[in-house]
Amino acid sequence: MVKHCSVFRDKTELEQGVAKMAELRQRFKKVVLKDRTDYYNTELPSVLELGNMLDIAYSTLIGALAREESRGAHTRTDFPKRNDEKWMQHTLVTKKDDTFSLSYKDVSFTKYEPTERKY
Amino acid sequence: MTLLKYAYYPGCASQEITKEANSSTRLVADKLGIQLHNMPKANCCGAGLLTDYDYDLYITLNARIFAEAEEMGMDILTICSTCLMVMSRAAFDLKNKPELLDKTNEVLAKAGLHYSGNVKVKHLLWVLANDLGIAKLASMVTKPLGPLKAAPFYGCHSLRPSDALGFDDPERPWSLEAVLKALGAEVVDYTGKTKCCGFQVDLVTEDTAIEMTGTRLLDAKTMGAECIVTPCPFCHINLDNYQSAAEKQLGAEIELPVFHLAQMVGLALGFSASDLGMSRHLVSAEKILRR
Amino acid sequence: MKIDLKIRRFNPTTKNGREPYYQAYSIEASEGMTVLEALMSIAAAQDPTLSFRRSCRSSICGSCAIKINGFTKLACSTQIIPEHEKAHEMVLEPIANHTVLKDLIVDFDPFWKKLDKVKPYLMPPETQPEGRTKEVHISEKDAEAIDHAQKCIMCGSCNSECNALEIEKKYLGPAALAKAWRFVGDVREEGGRKRLGRLSDDHGIWDCVRCVHCVEYCPKGVEPLTAIERLRSRAIQEGIKDNHGAKHVEAMVNSVKKVGRLDEAAMTFKTLGLLRSLGMIPFGLKMEMHGKMPHPHLFPQIKKIDEVRTIYAEIKRKNKNAKKKPKG
Ligand code: SF4
Ligand code: SF4
Ligand code: FES
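Trainee: It is not clear to me how the overall build of chain B should be interpreted in this structure. Could you clarify?
Mentor: Secondary structure assignment for chain B yields 14 helices and 8 strands. Its C-alpha radius of gyration of 19 Å places chain B within 12% of the 19 Å reference for a compact globule of 291 residues. Principal-axis analysis of the C-alpha atoms places the extent of chain B at approximately 55 × 45 × 30 Å. For chain B, with 291 residues in total, the buried portion stands at 66%. Contacts spanning at least 24 positions in sequence make up 78% of the contacts within chain B whose residues lie at least 6 apart. Looking at chain B as shown, the accessible area adds up to about 9800 Å², and 52% of this sits on carbon and sulfur atoms. Considering chain B, the positive charge centre built from 28 side chains and the negative charge centre built from 34 side chains are found 5 Å apart.

Written out as structure tokens, the structure is:
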């Protein structure tokens, strides 16, 4: 993730990241526990955590790849401008039967309207 | 070499209870060329109890001690670890909190006193290990202590809190070991040497105190110690006076003579057991001294 | 750089682990590597059965306290190379004064129960004073008094090193008492007096033997001993003095005022009351024979004792004035 999806990112890097992460998720399907005890087995939660982290990482990558603009810590060097018209939206990732799909939700404005950072 | 002279602060315990520590220190210092100057005005540091009562009172009364040393133009030398810790914490706070120093001086002014914040508080142990130096000390030994197996007992207050004390390492202390080696003794290592002797609760929860004392003694004994050496009169009081009570409470024979640091140095410098007031100890050291 | 470690293992559910033993591991340490990173690399690459607690890896969650070469530290804030250079070994053990459950994991239940006992929450007055409609502001100076105690991350390092807890398991311990001060010392607190009464009971503030270990080993600068000293001062101010500890302190305070220094005999008497003092007679006699029982009458007074008394009077006056000022 540090290489493919840090603050400055672009299409090529992200695409490679998505591919690598997909492969890692495949490998994870074959994960085994070496510690087979049921008393303070700390390997078990770390394996569960790893699976979840892979899902989150994958979601982050595909969301970032789709969002062709720059906004805050998501800086696409290939799309350096913020684009409120198209992207003033939340990215939603849904995982179903091991496939991920993207959808979007409008941002609701309350007291403070989001504006571009100027520093 | 610079002249070694200090404002001497033996502490209440060594003036009234463990008098032998005080007199031995004077003998030893004289022989080693360390000048000890009396502090006739010095009050008690509070042994931590004044701190429990009122922080400001504790700080101001300690500043009064420092003011006297400042007037004498010397650093303070104490032979009590508790005094060392209590005074060092006060000196540390006064040095690092300018508002506290100002506030304290306001009160001191009412008594016609002033403290500028620069006195250092040192233990006899540090002076031997550092100011005088291990090599120099070793060169002055006339009666090496070998093959005596001595267990150093630091207790708590000569090592902690390390930031305020600023000498030695509480986890791997070296000074007492180095001094004992310079005197020709064989140093025995054991687990409890930097732990509490229990003195602070002698009069509050006595059983706890006795159990602590006994545990430390047994630790040392198990590792082959023939005697214990401590830089602190309070530790001495507990390790020596409570030893028989500890033997009963823990159901074990201990019989470990306990020496003040200055007494050990004194022996190696050629003073006799009676010069050093050994008869004042409850656990007799005769057996090991006769050899 | 290759570093050899010895880690204390224990697992009551397996045949081999029922008796604690030390297992040797070896890792390739890189500069800046923490002890926790070493543990994680062992668990990941060498032995997944090795159990330890960790979460934040940045000394804020308080999970990873262990004994490193005999002293309690946060594994995540201790660099392995300098520590190894100093100790010439790398022995990792669970913290002390707690029951070990498995490997480096200990039972924290007693820790939380003690914390519960001090009621770790603010108890404001039940009915708001007339006219108070807004939140109560707390001044910077008032906040400073409890600031150190707020920094606790409940790692248990202090309790692990506490010399009093080692002997008396019922002692509330430094962590809980630091927390107690966080509330007693809060100007918005109303239950202070009640709390101080409870804290002055057996196994409360007066069990501390002032070994200073909690100050030395707290990774967050909480200084539990300082908190305990403040609690003791408050308890005495509130007139809660019917215990050995407080009597001991008062005897000392009076003794210094009278002669400028400690008079142990008077202290023994006042602290323990007449009965205990009688019980102490054999011990006293023994000390007497060796010339160690101090005589209160023979106590020489220090020079310029009037300076000491002036200081007492002045501090007393100042405290009185401070009390008169309204809170907050
Ligand atoms: S100073 Fe008191 S509370 Fe702190 S570790 Fe020592 S005995 Fe425990
Ligand atoms: S006081 Fe310090 S050592 Fe004790 S639990 Fe809190 S953070 Fe840990
Ligand atoms: S892992 Fe959170 S404090 Fe060390």
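Trainee: I tried to follow the interface of chain A and chain C on my own but got confused; where do I start?
Mentor: Many analyses report the size of an interface as the accessible area lost when the parts associate. In this assembly, 9 residues from chain A lie in contact with 14 residues from chain C. In terms of surface lost to chain C, no three residues of chain A exceed Tyr39, Tyr40 and Thr42 of chain A, which account for 61% of the buried area on that side. Across the chain A-chain C interface, the total number found is 1 salt bridge. A salt bridge links Lys102 of chain C to Asp35 of chain A; the nearest nitrogen and oxygen atoms lie 3.8 Å apart. Across the chain A-chain C interface, the total number found is 5 residue pairs in polar contact (both at pLDDT 80 or more). Per-class residue counts for the side of chain A that touches chain C are 2 nonpolar, 3 polar and 4 charged.

Trainee: Even after reading the chapter, I still don't get the state of the cysteines, so can you show me in this structure?
Mentor: Evaluated as defined, the whole model comprises 0 disulfides over all chains. Take Cys196 of chain B: it sits in no disulfide, and the sulfur closest to it among the cysteines is that of Cys156 of chain B, at 4.3 Å.

Trainee: Would you mind showing me how to read the site of ligand 1 here?
Mentor: For ligand 1, the full set of nearby residues is Cys162, Ala164, Tyr171, Pro174, Cys208, Val209, Arg210, Cys211, Val212, Cys214, Leu225 and Ile228 of chain C. Of the residues belonging to the shell around ligand 1, the class tally is 11 nonpolar, no polar and 1 charged.

Trainee: What is the right way to read the side chain of Glu68 of chain B from this model?
Mentor: Residue and element names in this part refer to chain B. Take Glu68: it is sitting in helix H4 (residues 55–72). Buried charged residue Glu68 carries no salt bridge. Nearest counter-charge: Lys41, at 5.3 Å. A polar atom in the side chain of Glu68 sits 2.9 Å from the backbone nitrogen of Ala42. Look past the residues within four positions of Glu68 in its chain and what remains in contact with it is Met39, Pro40, Lys41 and Ala42.

Trainee: Where do I start with the domain arrangement of chain B in this structure?
Mentor: All names here are of chain B. Taken domain by domain, chain B comprises domain 1 (4–122) and domain 2 (142–289). Here domain 1 and domain 2 have C-alpha centroids that lie 24 Å from each other. On the domain 2 side, the residues contacting the 23 residues of domain 1 number 27 residues. Carbon and sulfur atoms supply 69% of the area buried between domain 1 and domain 2, which totals about 2100 Å² over both sides. Counting the contacts that link domain 1 with domain 2 gives 1 salt bridge.

Trainee: What am I meant to see in the site of ligand 2 here?
Mentor: All residues in the neighbourhood of ligand 2 are listed as Cys152, Ile153, Met154, Cys155, Gly156, Ser157, Cys158, Ala175, Cys218, Pro219, Val222 and Pro224 of chain C. Of the residues that constitute the shell around ligand 2, the class distribution is 10 nonpolar, 2 polar and no charged.

Trainee: For this particular structure, what's the right way to read the packing of helix H6 (residues 98–110) of chain B against helix H14 (residues 305–324) of chain C?
Mentor: When two helices pack together, their arrangement is given by the angle between their axes and by how far apart the axes lie. Running from N to C, H6 of chain B and H14 of chain C point in directions that differ by 130 degrees, and their axes come no closer than 8 Å. For the element pair H6 of chain B / H14 of chain C, the angle class is oblique. For the crossing formed where H6 of chain B meets H14 of chain C, the hand is right-handed. Here Lys103, Glu106, Val107, Leu108 and Lys110 of chain B of H6 of chain B lie close against H14 of chain C, whose contacting residues are Thr310, Ile311, Glu314, Ile315, Arg317 and Lys318 of chain C. Partitioning the contact of H6 of chain B with H14 of chain C into residue classes produces 4 nonpolar, 1 polar and 6 charged.

Trainee: Honestly, helix H11 (residues 233–241) of chain B in this entry has me stumped. Any pointers?
Mentor: Residues that lie three or four places apart on an α-helix share one face, since the helix turns once every 3.6 residues. Among the 9 residues that make up H11 of chain B, 9 are buried, leaving the element largely enclosed by the rest of the structure. Every buried residue of H11 of chain B is accounted for by Pro233, Phe234, Cys235, His236, Ile237, Asn238, Leu239, Asp240 and Asn241 of chain B.

Trainee: What should I look at first to understand the side chain of Ser59 of chain C in this one?
Mentor: All names here are of chain C. Relative to the assigned elements, Ser59 resides in the loop between helix H1 (35–45) and strand S3 (65–68). Classification of Ser59 by relative accessible area gives buried; the value is 18%. Excluding anything up to four places from it in sequence, Ser59 contacts Leu74, Cys76, Ser77, Ile153 and Lys220.

Trainee: I'm lost on a positive patch on the surface in this one. Help?
Mentor: Residue and element names in this part refer to chain C. Positive charge collects at one region of the surface, where Lys257, Arg309, Lys316, Lys320 and Lys324 lie side by side. A total of 4 residues in the positive patch trace back to one element, the largest contributor, which is H14. Structurally, Lys316 is set in helix H14. Exposure remark for Lys316: the relative accessible area of 58% places this residue in the exposed category.

Trainee: What is the right way to read the packing of aromatic side chains from this model?
Mentor: Here a ring pair, both rings aromatic, is described through the centre-centre distance and the interplanar angle of the planes. One pass over the structure, following the stated rule, counts 11 aromatic pairs over all chains. For the ring pair Tyr39 of chain A and Tyr40 of chain A, a centre distance of 5.1 Å and an interplane angle of 80 degrees mean the geometry is edge-to-face. On the basis of relative accessibility, which here comes to 35%, the residue Tyr40 of chain A falls in the partly exposed class. Plain terms: the ring middles of Phe71 of chain C and Tyr217 of chain C are 5.6 Å apart, the flat faces sit at 15 degrees to each other, and that makes the pair stacked. Note that Phe71 of chain C is positioned in strand S4 (residues 71–74) and Tyr217 of chain C in helix H9 (residues 213–217), a separation of 146 residues in sequence. Overall, the relative accessible area of 4% leaves Tyr217 of chain C in the buried class. Three or more aromatic residues link up through ring pairs in this structure, and these residues are Trp126, Phe167 and Trp174 of chain B.

Trainee: Please explain the packing of helix H1 (residues 11–28) of chain A against helix H2 (residues 43–66) of chain A as it appears in this structure.
Mentor: All names here are of chain A. Put simply, H1 and H2 touch, their axes get as near as 9 Å, and they point 155 degrees apart. When the interaxial angle is binned, H1 and H2 end up roughly antiparallel. Seen along the crossing, H1 lies across H2 with a hand that is left-handed. Residues Lys11, Leu14, Glu15, Gly17, Val18, Met21, Ala22, Leu24, Arg25 and Phe28 of H1 form the contact with H2, whose participating residues are Val47, Leu50, Gly51, Leu54, Asp55, Ala57, Tyr58, Leu61, Ile62, Ala64 and Leu65. For the contact of H1 with H2, a count of residues per class yields 15 nonpolar, 2 polar and 4 charged.

Trainee: Quick question: what am I supposed to make of the confidence of the model for chain B here?
Mentor: In regions of low pLDDT, the predicted coordinates are not meant to be interpreted in detail. For chain B, the mean per-residue pLDDT works out to 93, and 98% of the residues sit at or above 70. Predicted complex metrics record ipTM = 0.92 and pTM = 0.90.

Trainee: Looking at this structure, how should I read the interface of chain B and chain C?
Mentor: Each side of the interface is counted separately: chain B has 68 residues, and chain C has 68 residues. Between chain B and chain C, the buried area comes to about 6200 Å², and carbon and sulfur atoms account for 60% of it. Inspection of the region where chain B meets chain C yields 10 salt bridges. Where Arg232 of chain C meets Asp52 of chain B, a salt bridge forms, and the shortest distance between an N and an O atom there is 2.9 Å. Our enumeration of links across chain B and chain C arrives at 25 residue pairs in polar contact (both at pLDDT 80 or more). Mapped onto the side of chain B that touches chain C, the elements with two or more residues apiece are helix H1 (12–16), helix H3 (49–53), H4, helix H5 (81–96), H6, helix H10 (206–222) and H11 of chain B.

The rules behind these values
Within each chain, residue numbers correspond to sequence positions counted from 1 in written order. Chains and ligands are labelled by the order in which they are written, letters from A for the one and numbers from 1 for the other. In view of the model being predicted, local features appear only for residues whose pLDDT reaches at least 70, and side-chain atom pairs are presented and counted only at 80 or more, with totals across whole chains, interfaces and linings using the full set of residues. In computing side-chain properties, one takes all heavy atoms of the structure into account and sets aside hydrogens as well as water. Each helix is a run of DSSP H or I of at least 4 residues and each strand a run of E of at least 2, with the numbering of both proceeding from the N terminus. Radius of gyration means the value over C-alpha atoms here, while the globule rule gives 2.2 Å times the residue count to the 0.38 power. Each residue's exposure class comes from its accessible area (1.4 Å probe, protein chains only) as a fraction of the maximum for that residue type: buried when under 20%, exposed when over 50%, partly exposed otherwise. Two residues qualify as a contact provided that any one of their heavy atoms is within 4.5 Å of a heavy atom in the partner residue. Each accessible area is a Shrake-Rupley result for a 1.4 Å probe, and residues are judged covered by the shown protein chains and nothing else. Under the convention used here, Asp and Glu are negative, Lys and Arg are positive, and both His and the chain ends fall outside the count. A charged residue contributes its charge at one atom only: NZ of Lys, CZ of Arg, CG of Asp or CD of Glu. For any pair of parts, buried area is found by adding up, for both, the accessible area (1.4 Å probe) each one loses once the two are put together. For this analysis, a salt bridge means a side-chain nitrogen from Lys or Arg found within 4 Å of a carboxyl oxygen belonging to Asp or Glu. Whenever two N or O atoms come within 3.5 Å, that pair is a polar contact, provided that in protein one can donate a hydrogen and the other can accept it, and provided that, for residues adjacent in sequence, both atoms are side-chain atoms. When residue character is reported, Ala, Val, Leu, Ile, Met, Phe, Trp, Tyr, Cys and Pro are called nonpolar, Asp, Glu, Lys and Arg charged, and the others, Gly included, polar. Note on disulfides: each one is a pair of cysteine sulfur atoms within 2.5 Å. Whether a residue is near a molecule or strand depends on its heavy atoms: it is near if one of them lies within 4 Å of it. An automatic or database domain assignment is the source of the domain bounds shown. For every element, the axis is a line fit to its C-alpha atoms; helices are fit only across the contacting stretch, and the angle between N-to-C directions ranges from 0 to 180 degrees. By definition in this entry, angles of less than 35 degrees are roughly parallel, angles greater than 145 are roughly antiparallel, angles of 65 to 115 are roughly perpendicular, and the rest are oblique. Crossing handedness: left-handed means the near helix sits turned counterclockwise from the far one by under a right angle, and right-handed means the same turn made clockwise. Only residues whose relative accessible area exceeds 30% and that form no salt bridge enter a patch; like-charged residues are grouped when within 9 Å of one another, and nonpolar side chains (Val, Leu, Ile, Met, Phe, Trp, Tyr) when within 5 Å. The rule is short: rings of Phe, Tyr and Trp, with Trp giving its six-membered ring, pair when the centres are within 6.5 Å, and they are stacked under 30 degrees, edge-to-face over 60, tilted in between. Within a predicted model, pLDDT stands for the predictor's per-residue confidence, ranging from 0 to 100.

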